[in-house]
Amino acid sequence: MWKMKRELSSLFILILSLQVFSGSAAAAIIYVDSDGSGNYATVQAALDNAVDGDTIIVRPGNYNEDLAVDVSVTLNGSSGYPTVGKIEVNRQSQISGLTITGGVRFEQAGMSCIIRNNKFDECGVSIGNNYAYGNQTIIDNLFTDSPTGVFTYDSIYNKITGNTFQNCHTGIELTYGGGLHVVKDNTFQDCDVGVRLIDDSATIYNNYFSSDINLELEDDGDARLNTTKTTGTNIIDGPYIGGNFWGSPSGDGFSQIHLDTNGDGIAEEEYQVDEGVIDYLPLVTPRTEPEPVLPVANFQANTTRGHAPLSVLFTDLSENADSWNWDFDNNGQPDSTVQNPIYVYEVPGAYTVNLTVSNANGTDTETAVITVLEEELPVLPVANFTLNKTSGYYPLTVLFTDTSQNATSRSWDVNGDGVEDSNETSFAYIYNSKGTYEAKLTVSNANGTDTETAVITVLEEEIPILPVANFTLNKTSGYYPLAVLFTDLSENATSRIWDVNGDGVEDSDETSFAYIYNSRGTYEAKLTVSNANGTDTETAVITVLEEELPVLPVANFTLNKTSGYYPLTVLFTDLSENADSWSWDFDNNGQPDSTVQNPIYVYEVPGAYTVNLTVSNANGTDTETAVITVLDEEIPILPVANFTLNKTSGYYPLTVLFTDTSQNATSRSWDVNGDGVEDSNETSFAYIYNSRGTYEAKLTVSNANGTDTETATIDVVKKSSSGSSGGGGGGGGSPEPAKNVKVKELAQVFITNGKAIKFDFKNNATCVVYVSFDAKKNAGKTTTIVEELKGKSSLVSALPAGEVYKSFNVWVGNSGYATSKNIENPVICFKVEKAWMEDKSVDQASITLNRYNDKKWEQLPAKISDEDDTYLYFASDVLGFSSFVITGTSEAVSENVIENGTSLETRALQDDGNESKGPETEDEQEGSTTFSDIPPVYGIIGILVLGLICVIIYLKLPK
């Protein structure tokens, strides 16, 4: 078919010539900058206001927008490859200097375009639908991890040159077109397929191929694989341009195993890729003549000076030598041809030794001087020593070690009092008072003495600890009036001053407070902290905006399963933003299967299904997809090793509690002291470290399908005599006593910056369904623990008001990770039994998630996300993770209990390494409220007011 289409090429080129550089108004240069300093803040706004012939310069930034090019313009990134999304090219244009994440498409219009020097990240260029969209130039671009780098359909005469395709599924795919394509000077590195031709043809030459399949032809696809042999530097720096370099990632490609015998860089035989498709001039590395290897003379003597008779061993160190000729006394006569000779000098004097080495390519010489003495010179001692410390706090123990030479005796005076402290080779001395001491070593032998000194500085007090300012804020921008919550996270501070509006006046000295910005502008928020040793500051910028831009919907959803065995029931949970309607296509047949926000769908047949959610509001639409894999047979489940420990460092004897939190394991083996011997096979056990050191604790778990290991490091130190204590705690333990935990479930996720993170608790062991947030920093493999409690948490003083359904704790990662510096938009999804609400007469609209923070309970709104026969499912936006209580309001009069307690802004262990302890008995845990002192008339008034509120709510409910 491509041969028939080629007959139409002349007409197509005529049409192109009429379109190229059609008349336009006077060209202008338009600047785009996301910070508002350019003509426009978005690229699409610049395109919408441009006319033919304009040049649009995009300054550095991440614009995160899809573009439609409806005018003939030049679109350039100024530097740094600014990032945009998808680009639809509908008019003749030039695009360069951008990072493109959504691809470039020519399926509507646009021809004779140039796409130059761009970076395509997991996307590519799509050209097609008919000849009017051919004659494109794709040059000097980088395609990385693209499904297809350049794709054409029903197109003609495209030039693809100088590009690099790395780790792509397919580098270039030319399909069902009219031919006349030119593919040259490109590099295809580690792709599944380099170039694929389907019912199309192209001239392909001077390319570097190193992929699994370099060229694939289907349905009469055809290719000319070389040009005429022409002088010029080819793609592998050879002297001639002809065909292509045919390599492979494993190093056994045609061009890698065929040699060049005449030095022209062209293989001596042709390379047939397919029947009738032959590269007659395949490129290979040009042959070069090896450089002659000359000998290099070198040798060493075991002694160069001594008394006669002096026996010297000469050791040859020459390179590339075949023969050796030694002249030991510089008389011009060879004394030995042995490679490593011994020679005895009988007469005192200075002798020049000459070694001449040779091989087939030449000779080389090396000389040395041997001095033979008449009488022995006296050998004097040379004093020297080492010490393991030169300063520290008293009592200071210093180890002295003698490293002197030629000494037969020694005397140490290390405190400067003139009295010998030791005559040992090595000894330790303890300095018990501050001061500067001169340590002196005197050594001697029969020929004389020598001394060496060093200075020891003994200190009395430690270096002062300075404060380190740090804080978080729940918002950095928004529309006024904008309420921002500031929380101090500083270290070593005893006081603080907040100036959050930049006027130089203190706004607060509290640990945490909220401030309302009532006018637009950019404000610098500054925290100044201090202690007795100094001060420190930290700042952040708050941007307050005046008016809101149109809010577009953002499609997003989660599913409780992405694979399983049929019949497979999948719950889809909508996480979209700003959406008014939902359309689900579960089997990718183009037909909507549901408009429910959170549907359930059963897959009856094995296969891979693409789920498509389309959401919309008054401003537009958006889509999100996911893949469901329905399996025939079960995949073996491997164990996943994990454990917690209540301490990672401390003074010996150090008792550490180890608790196995592994998944899918049937057996375990603990080796917590690194000696290779099993210490326990229990789920939880305590181990005592009785000596200092750094120990690797390893847990090995297994089941019928395999094994897995997890390790942690324990630092055990000796308590210093100054009485200072080391820091403790942290690192993933729970401060909740184990006897208060009813059930615990954990989930693990690999956290990557910029990704939406979701911890699904698939065992349904607790009332928590999932925990999610957006990651702002990389954290790697991270564990989230949910503890459903038997009663009230020991970390709070009392329960919140209302009917209590469940109390639970949520711990995310290591201590201090789950802060606004590292995460944003945290959400907890939980479930409540319908039977409990019916039994307690609780209205579902009153269900509230309470979070304990800063010595009080915060009430967080809960939005219904789904339901089934047993449960209602709720989602709540939270400000952090700590202790939570789910409550509801019954139809009877509810009591409010005001709580006082300990802040749980972050979970941590005490400084001595022990867990925080709460009340031990149920009576101590429960708060008490008494109404015995309330007059009855107030109770009657309260009932009447509650009844009036219920009537108002009923009248406002939609009928």
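Here, the structure is the one placed above.
None of these values were measured; they are calculated from a predicted model. Each chain carries its own residue numbering, running from 1 in the direction its sequence is written. Local features are withheld for residues below a pLDDT of 70 in this predicted model, meaning they are given only at 70 or higher, and side-chain atom pairs are given and counted only at 80 or more; totals for whole chains, interfaces and linings count all residues. Side-chain metrics rest on all non-hydrogen atoms present in the structure, leaving aside hydrogens and water.

A. Looking closely at the overall build of the protein. For helices the rule is a DSSP run of H or I covering at least 4 residues; for strands it is a run of E covering at least 2, with both sets numbered from the N terminus onward. When its secondary structure is counted, the protein shows seven helices and 76 strands. The proportion of buried residues among the 959 residues of the protein is 41%. Here, two residues are considered to be in contact whenever any of their heavy atoms come within 4.5 Å of each other. Taking the intrachain contacts of the protein between residues at least 6 apart in sequence as the baseline, contacts between residues at least 24 apart amount to 54%. Residue exposure (1.4 Å probe, protein chains only): buried if accessible area is under 20% of the type maximum, exposed if over 50%, otherwise partly exposed.

B. Region of the structure containing the packing of aromatic side chains. Centres within 6.5 Å make a pair out of two Phe, Tyr or Trp rings, where for Trp the six-membered ring is used; the pair is then stacked when the planes are under 30 degrees apart, edge-to-face when over 60, and tilted otherwise. Overall, the coordinates contain 53 aromatic pairs when judged by the stated rule. Considering the side-chain rings of Phe-385 and Trp-412, the 5.3 Å spacing of their centres and the 75° angle between planes classify their relative orientation as edge-to-face. Of the two residues, Phe-385 is situated in strand S38 (residues 385-387) and Trp-412 in strand S41 (residues 409-413); the sequence distance between them amounts to 27 residues. Considered together, Phe-385 and Trp-412 belong to a single accessibility category, that of buried residues. Geometrically, the ring pair formed by Phe-557 and Trp-584 is edge-to-face, given 5.2 Å between the ring centres and 75° between the ring planes. With a gap of 27 residues between them, Phe-557 in strand S52 (residues 557-559) and Trp-584 in strand S55 (residues 581-585) connect regions that are remote in the sequence. Comparing Phe-557 with Trp-584, the two get one shared label, buried.

C. Region of interest: the pairing of strand S4 (residues 74-77). In S4, alternate side chains face the same way, and those of Leu-75 and Gly-77 are buried while those of Thr-74 and Asn-76 on the opposite face are not. Paired strands, in this sense, are two strands between which DSSP finds at least two bridges. Here S4 runs beside strand S7 (residues 94-96); their pairing, made up of three bridges, is parallel. Residue pairing in the sheet places Leu-75 in a bridge with Ile-95 of S7.

D. Quick look at the sheet that holds strand S33 (residues 310-316). Ordered by their spatial adjacency, three strands build an open sheet running S31-S33-S35, and the pairing between neighbours is antiparallel. Lying at the two open borders of the sheet, with one neighbouring strand each, are strand S31 (299-301) and strand S35 (342-345). Averaged over all pairs of adjacent strands, the angle between their axes in this sheet comes to 25°, without regard to strand direction. For S33 and S35, the ladder comprises four bridges, and the chain directions are antiparallel. Note that in S35 the partner of Leu-310 across the bridge is Tyr-345. With axes taken as lines fitted to C-alpha atoms, and helix axes fitted only over the stretch in contact, angles between N-to-C directions fall between 0 and 180 degrees.

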